[in-house]
Amino acid sequence: MSASGGNRAIIAAFAANLGIALAKFTAWIFSGSASMLAEGIHSVADSGNQLLLLLGGKRARRAADREHPFGHGRERYVYAFVVAIILFSVGGLFSIYEGVEKLTNPHELENVWIPILVLLIAIGLESFSLRTAVRESNHSREKGQSWVSFVRRAKAPELPVVLLEDVAALIGLVFAMLGVGLTVITGNSVFDAIGTLMIGTLLIVVAIVLGIETKSLLVGEGATEGDYDRIVAAIIDGPEVSRLIHIKTLYLGPDELLVAAKIAVADDRGLPEVAAAIDAVESRIRSAVPVARVIYLEPDLDRTPASRLPD
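To keep things clear, this report deals only with the structure shown in the data block. (Residues numbered from 1 in each chain as written. Predicted model: local features only at pLDDT ≥ 70, side-chain atom pairs only at ≥ 80, totals over all residues. Heavy atoms only, no water.)

## A word on the overall build of the protein
Part 1 of the reasoning: Tallying secondary structure elements over the protein gives nine helices and three strands in all.
Part 2 of the reasoning: Beginning at the N terminus, the succession of helices and strands in the protein can be written as α-α-α-α-α-α-α-α-β-β-α-β.
Part 3 of the reasoning: In terms of C-alpha radius of gyration, the protein reaches 25 Å, well past the compact-globule figure of 19 Å for 311 residues.
Part 4 of the reasoning: Among the 311 residues that make up the protein, the fraction classed as buried is 47%.
Part 5 of the reasoning: Of all intrachain contacts in the protein linking residues separated by at least 6 positions in sequence, the fraction that spans at least 24 positions is 75%.
Part 6 of the reasoning: Taking the average location of the 28 positive side-chain charges in the protein and that of its 34 negative ones, the two points are 3 Å from each other. (Helix = DSSP H or I, 4+ residues; strand = E, 2+ residues; numbered from the N terminus. Rg over C-alpha atoms; globule rule 2.2 N^0.38 Å. Buried < 20%, exposed > 50% of the residue type's maximum accessible area, 1.4 Å probe, protein only. Contact = heavy atoms within 4.5 Å. Lys, Arg positive; Asp, Glu negative; His and termini not counted. Charge placed at Lys NZ, Arg CZ, Asp CG, Glu CD.)

Given below as C-alpha cells:
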C-alpha cells in the first residue's frame, strides 16, 4: 500500500465523519434520540481515529537514529492499536451505557423526521468514504484475495482500519435507522435504546478484531507466504549460493522488511568472490520483493548435503 493511497482514504473518511458528526448531534439536540447521540459519538471517535492514523504515518517517516537504528516504521502500528482502544472505549462502551440509560429512563422522541433525514445523508457520505477505501485497497489487495484475508494479512494498518470503521459505521447507521424507525411506528422508545445497544455491541466487536490484528503487527510479523517464497527463490536461483541454511524475516514497518539469512557457499571461494556473491543475492532479493530493504546475509561453508529448508 502506498502511503499516498492510505492517506487519501483516511482524509476522505475524516471529512465524511466530521460532517456526519455535526449532523447527528444536531439531530440528537432536536429529537433526543439516544441512537443519534451514540452515532454522533461514534463519528467523533472515528474522526479522531483518522487524525491519529495521519499522525502515526507522519511520525513513522522520521529518519533512523542511534536510539532507533531501524527507524520508526512501527509507529503506524502503535497508533492503529490506539485507534482500536478508542473505538472500544469511546465508541462502544459509551453507546452501551447510553442504551442502558435509555432503557431504564425512556422518553419520547421529538422531531423524529430530522434524525431519519440525517441518517439517510450519513449513509450516503459513509458510502462515499467506504468506496474510496475499497478503491485504494484494491491497489494493494492481491488478485483473488478475499476482504477478510486482506484485513488479516495487510502489513499497512491504515486501510484495514478505515475499511472496518466504514463498514461498522454503515451497519451502525442501519441499526440507528431501525431503532428510530420502529420508535416512530410503534411510539415505543425502547426500540431507540435497543438500536443504541446494537451500535455499541458492533463497535466493541470491530474494536476487538482491530486490536487482535494490530497486536500481531506490533509483536512482529514475517513476510507473507508469497513474498517469503520469492525471497527464497531469489537467494537460491543463482550460482553464488550452494544452499540456503536458514532464513528469518520481520516487518520493521509496513513498507520495510528485514531479511536475515545464512547461506552456504563453495569452500574454494575467496573473500572477494564471497562478497560479490552476497551483493548479487541482495540485488535479486530487492528486485523480487522491493520492500525487503534491510538485508543481512551470513555466508558459511557448504560442508553438508542439501536438505529441505525448515519451516
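Past the structure itself, the notes keep going.
## Notes on the sheet that holds strand β1 (residues 243-253)
Part 1 of the reasoning: One open sheet holds the three strands; their spatial order is β1-β2-β3, and the pairing between them is mixed. The open sheet terminates on both sides in strands that have one partner only, identified here as β1 and β3 (292-301). Taking the axes of each pair of neighbouring strands and ignoring which way they run, one obtains an average angle of 15 degrees across the sheet.
Part 2 of the reasoning: Bridge analysis of β1 against strand β2 (residues 256-265) gives nine bridges, and the strand direction is antiparallel. In the strand pairing of β2, Y251 is matched with L257.
Part 3 of the reasoning: Most of the contacts of helix α8 (residues 225-236) go to β1, to which it runs at about 135 degrees, and overall it touches β1 and β2.
Part 4 of the reasoning: Relative to β3, helix α9 (residues 271-288) is tilted by about 145 degrees, and along the sheet it contacts β2 and β3. (Pairing = 2+ DSSP bridges. Axes fitted to C-alpha atoms, helices over the stretch in contact; angles between N-to-C directions.)

## Looking at the nonpolar core
The tendency in soluble globular proteins is for nonpolar side chains to be buried as a group.
Part 1 of the reasoning: Within the largest apolar cluster, 40 residues are counted, with the highest numbers of intra-cluster contacts made by L53, L87, L119, V161, V162, V206 and L210.
Part 2 of the reasoning: Put simply, the parts of the chain that give this core at least two residues each are α1 (3-31), α2 (34-60), α3 (75-104), α4 (113-138), α5 (147-153), α6 (158-186) and α7 (190-219).
Part 3 of the reasoning: In this structure, L87 is in contact with H42, D46, N49, G92, L203, V206, A207 and L210, ignoring residues within four places of it in sequence. (Core = buried A, V, L, I, M, F, W, Y, C linked by side-chain atoms within 4.5 Å.)

## Observations regarding the packing of α3 against α7
Part 1 of the reasoning: Here α3 crosses α7 at 160 degrees, and the two axes come no closer than 7 Å. Comparing the axis directions of α3 and α7 gives the class roughly antiparallel. Regarding α3 and α7, the two cross each other, and that crossing is left-handed.
Part 2 of the reasoning: Among the residues forming the contact of α3 with α7, the class breakdown is 23 nonpolar, nine polar and three charged. (Parallel < 35°, antiparallel > 145°, perpendicular 65-115°, else oblique. Left-handed = near helix turned anticlockwise from the far one by under 90°. Nonpolar A, V, L, I, M, F, W, Y, C, P; charged D, E, K, R; others polar.)

## Comments concerning the pairing of β2
Part 1 of the reasoning: Counted residue by residue, β2 has seven buried out of 10 residues, so it is predominantly covered.
Part 2 of the reasoning: As consecutive antiparallel partners, β1 and β2 are separated by two residues.
Part 3 of the reasoning: Here β2 runs beside β3; their pairing, made up of nine bridges, is parallel. The partner of A260 across the bridge, within β3, is Y296.
Part 4 of the reasoning: Remark: the β2/α9/β3 crossover connection has right-handed handedness. (Right-handed = clockwise from strand over helix to strand, strands pointing away.)

## Things to note about the side chain of S189
Part 1 of the reasoning: By secondary structure assignment, the location of S189 is in the loop between α6 and α7.
Part 2 of the reasoning: We classify S189 as buried; its relative accessible area is 13%.
Part 3 of the reasoning: The contacts of S189, once residues within four sequence positions are left out, are P106, H107 and T183.

## Things to note about the pattern of salt bridges
Part 1 of the reasoning: Under the criterion given, the structure shown has 11 salt bridges.
Part 2 of the reasoning: A salt bridge links R76 to E158; the shortest N-O distance between them is 2.7 Å. Linking R76 in helix α3 with E158 in helix α6, this pair joins segments that are 82 residues apart in sequence.
Part 3 of the reasoning: Take R76: its relative accessible area is 10%, and that puts it in the buried class.
Part 4 of the reasoning: For E282, the salt bridge is made with R286, and the minimal N-O distance between the two is 3.8 Å. Of this pair, E282 and R286 are both found in helix α9, four residues apart, which corresponds to roughly one turn of the helix.
Part 5 of the reasoning: Owing to a relative accessible area of 17%, E282 belongs among the buried residues under this scheme.
Part 6 of the reasoning: Among the charged side chains, a salt-bridge network with shared partners connects R59, R62 and E75. (Salt bridge = Lys/Arg side-chain N within 4 Å of Asp/Glu carboxyl O.)

## A closer look at the packing of aromatic side chains
Part 1 of the reasoning: Per the counting criterion, the structure on display carries two aromatic pairs.
Part 2 of the reasoning: Centre to centre, the rings of F25 and W28 are 6.5 Å apart; their planes meet at 70 degrees, and the pair counts as edge-to-face. Highlighted residues: F25 and W28, both in helix α1, separated by three residues, approximately one helical turn.
Part 3 of the reasoning: Among the residues examined, W28 registers a relative accessible area of 31% and is labelled partly exposed.
Part 4 of the reasoning: With centroids separated by 5.9 Å and ring planes inclined at 85 degrees, the aromatic side chains of W147 and F150 adopt a geometry described as edge-to-face. Highlighted residues: W147 and F150, both in helix α5, separated by three residues, approximately one helical turn.
Part 5 of the reasoning: Judged by its relative accessible area of 4%, F150 falls in the buried class.
Part 6 of the reasoning: A cation sits over an aromatic face here: R141 above W147, 3.9 Å from the ring centre. (Phe/Tyr/Trp six-rings, centres within 6.5 Å; stacked < 30°, edge-to-face > 60°. Lys NZ or Arg CZ within 6 Å of the ring centre and 35° of its normal.)

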